[in-house]
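Each chain is listed here by its residues.
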Amino acid sequence: MFFFARVNSSTFFAPAKLNLFLAVTGRRPDGFHDLVSLVAPVTWGDTLRVEPTPGDFSLECDHPEVPCDETNLVLKAARAFRTTSGWEGGARFFLEKRIPVGAGLGGGSSDAATALRALNELSGGRLTPAALEKVAAEVGSDCPLFLRAGPVMMRGRGEQIEALSARTAERLRGRRVLIFKPAFGISTPWAYARLASDPAKNYLPPAPAEAKLAGWVKDEQSLLADLLFNSFELPVFSKHVALPTLLVDLRKRFGLQPGMSGSGSACFACLPDDAPVPEIVATIRTAWGNPAFAVETRLA
C-alpha cells in the first residue's frame, strides 16, 4: 500500500522520516554499505505541487539553497520515470521545502518518491508498485521506503523494503516526537567515509543487528527506547561534540531518550504526554543557538 497523502488534486505530501534503528553492517564490493534499519515516516514534511505540461520537466522551490537543476532528485526521478515507463508527458514541479537539508531526515528522497507517485498517477498508472519501487531504488537508496505506508524495515543498501506487521506498526503509530537540528548539516558521503575509516569499531555485524531488531519486534512489552540505535552516532558525535552534549543534557533534565536520525545532524526524542515542550525547545536553543530548528510531529 502506498503512503500517498494528497493535499488536493495536484499537491502531494512528502513526509520526513526517522531511523529508529539503523545498523550499518559493512561495506559492499560496489562501494555502497549494507544496513538494517527500522524507519518511520512522520506527519510533517515537504509539499510538492505538480502541474502537467506538454513538454519537459522543470522545478521551482521556495528555499533558496535547494538547487532546481538536474542535480535535484525530483528531476532525476522524473527522468527515470520517463525512461522506464515510456510516458512522453511533462510536468512543472513546485516544492515547498520544510525538511532541512543535511539532516538525515530523507527530505530529498521523499521529494523524489513523491514525484514518482505523482507522475505515475498523471500517466494513468503506467508502472506497477513493484516497478515504481525499482525506479525509486535507482534514484536513491532511501527513495523506496517512501512508497510504502507507515514504518518499514530496510535492508541491503536500502532498496529491500519489508512492511512491519499491523500489530508492530501500531506500537509506533501516533507517537509524539520532537525533531531538532543545529544550524549545521552533515554530508552523508562524509559520514559514511568516517564510518568506514574504522570498520571494527563502527560497523555492527548482521547477526547481532538482526537479533536486536527481531527481539524488539517479538517483545511487545519493550519500549521504543529499547529499540533506538544508530551506527552513525559514534563517528559523528566524535567530530560534532555539540550533538552528544545536548542529548546527555536532555536525558538528565527531562528523562528523554533522544537519538540521531540517519547520518545527522537532526536528532529526535519521543515525547511523553506531559512533556514540557517549550522548555525542551528553549534548552535546545540555549545549547545550539537560536537558529536551531525544532518541530513537534507524530510517527505516521
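The present account deals with the structure reproduced in this document.

Definitions and cut-offs
Throughout, a residue's number is its position along its own chain's written sequence, starting from 1. Confidence filtering applies because this is a predicted model: local features only for residues at pLDDT of at least 70, side-chain atom pairs given and counted only at 80 or more, and all residues used for totals across whole chains, interfaces and linings. Processing note: side-chain calculations cover all non-hydrogen atoms of the structure and skip hydrogens and water entirely. Only buried Ala, Val, Leu, Ile, Met, Phe, Trp, Tyr and Cys residues count toward a nonpolar core, and they belong to the same one when joined by side-chain atoms within 4.5 Å. Only protein chains enter the accessibility calculation, which uses a 1.4 Å probe. A residue is then buried if its area is under 20% of the maximum for its type, exposed if over 50%, and partly exposed in between. Only heavy atoms enter the contact rule, under which two residues are in contact if any of them lie within 4.5 Å. In this description, a line fitted to the C-alpha atoms serves as the axis of each element, helices being fitted only across the stretch in contact, and the angle between N-to-C directions of two axes falls anywhere from 0 to 180 degrees. Each helix corresponds to a stretch of at least 4 residues labelled H or I by DSSP, and each strand to a stretch of at least 2 residues labelled E; elements are numbered beginning at the N terminus. Less than a right angle of anticlockwise turn of the near helix away from the far helix marks a crossing as left-handed, whereas a clockwise turn marks it as right-handed. Gly counts as polar in this scheme, as do all residues outside two lists: the nonpolar Ala, Val, Leu, Ile, Met, Phe, Trp, Tyr, Cys and Pro, and the charged Asp, Glu, Lys and Arg. One bridge is not enough; two strands pair if DSSP finds at least two bridges between them. We treat Lys and Arg as the positive residues and Asp and Glu as the negative residues; His and chain ends play no part in the count. Note on definitions: salt bridges are taken to be side-chain nitrogens of Lys or Arg within 4 Å of carboxyl oxygens of Asp or Glu. Note on aromatic contacts: the rings of Phe and Tyr and the six-membered ring of Trp form a pair at centre separations within 6.5 Å, being stacked when their planes are under 30 degrees apart, edge-to-face when over 60 apart, and tilted otherwise. Only lysine NZ and arginine CZ atoms are considered, and such an atom sits over a ring when it is within 6 Å of the ring centre and within 35 degrees of the ring normal.

### A short note on the nonpolar core
Piece 1. Counting residues in each nonpolar core, the largest one holds 66 residues, and the members touching the most others are Phe93, Phe180, Ile280 and Ile284.
Piece 2. Once residues lying within four places of it in the same chain are set aside, the contact partners of Phe93 are Leu48, Arg49, Val50, Phe57, Ser58, Leu59, Glu60, Val74, Leu75, Ala78, Ala115 and Leu119.
Piece 3. Counting residues in each nonpolar core, the second largest holds 30 residues, with Val36, Trp44, Ile179 and Leu213 among its members.

### Brief notes about the packing of helix 2 (residues 107-122) against helix 3 (residues 129-139)
Piece 1. As a packed pair, helix 2 and helix 3 sit with axes 10 Å apart at the nearest point and diverge in direction by 145 degrees. Seen along the crossing, helix 2 lies across helix 3 with a hand that is right-handed. For the pair formed by helix 2 and helix 3, the contact residues are Ala112, Leu116, Arg117 and Asn120 on the first element and Leu132, Val135, Ala136 and Val139 on the second.
Piece 2. The residue inventory of the contact of helix 2 with helix 3, partitioned by class, reads 6 nonpolar, 1 polar and 1 charged.

### Description of the sheet that holds strand 12 (residues 293-298)
Piece 1. In space, the 4 strands of this open sheet follow the order 10-11-8-12, with antiparallel pairing throughout. Strand pairing shows two members of the sheet lacking a second neighbour, strand 10 (259-260) and strand 12, which therefore form its edges.
Piece 2. Of the pairings in the sheet, the one linking strand 8 (residues 176-181) to strand 12 comprises 6 bridges and is antiparallel in character. Directly across from Arg176, in strand 12, lies its bridge partner Arg298.
Piece 3. Sheet strands touched by helix 10 (residues 242-254): strand 8, strand 10 and strand 11 (267-270). Its angle to strand 8, the strand with the most contacts, is close to 150 degrees.
Piece 4. Across the sheet, helix 11 (residues 277-288) touches strand 8, strand 11 and strand 12, and the angle it forms with strand 8 is around 15 degrees.

### Observations concerning the side chain of Arg157
Piece 1. Within the fold, Arg157 resides in the loop between strand 6 (152-155) and strand 7 (160-163).
Piece 2. For Arg157, which is buried and forms no salt bridge, the nearest opposite charge comes from Glu159, at a distance of 4.2 Å.
Piece 3. Setting aside chain neighbours within four positions, we find Arg157 in contact with Arg28, Phe32, His33, Asp34, Leu35, Ala137, Gly140 and Ser141.

### Some thoughts on the packing of helix 1 (residues 73-85) against helix 2
Piece 1. Running from N to C, helix 1 and helix 2 cross one another at 35 degrees; their axes reach a closest spacing of 8 Å. In terms of crossing hand, the pair formed by helix 1 and helix 2 is right-handed. On helix 2, the residues touching Leu73, Val74, Ala77, Ala78 and Phe81 of helix 1 are Gly108, Ser109, Asp111, Ala112, Ala115, Leu116, Leu119 and Asn120.
Piece 2. Residue composition of the contact of helix 1 with helix 2, grouped by class: 9 nonpolar, 3 polar and 1 charged.

### A short note on the packing of aromatic side chains
Piece 1. Using the criterion set out here, one finds 6 aromatic pairs in the structure.
Piece 2. Relative to Trp87, the ring of Phe81 lies with its centre 6.2 Å away and its plane at 75 degrees, an arrangement referred to as edge-to-face. Here the two residues Phe81 and Trp87 agree in accessibility, since each one is buried.
Piece 3. Over the ring of Phe94 we find Arg49, and its NZ or CZ is 4.3 Å from the ring centre.
Piece 4. The lysine or arginine in question, Arg157, covers the ring of Phe32, its NZ or CZ lying 5.0 Å from the ring centre.

### Structural notes on the pattern of salt bridges
Piece 1. One pass over the full model with this rule turns up 18 salt bridges.
Piece 2. One salt bridge in this structure joins Arg28 and Asp30, with 2.8 Å as the shortest N-O distance.
Piece 3. On the basis of relative accessibility, which here comes to 45%, the residue Asp30 falls in the partly exposed class.
Piece 4. A salt bridge links Arg28 to Asp34, with the shortest nitrogen-to-oxygen separation between them at 3.2 Å.

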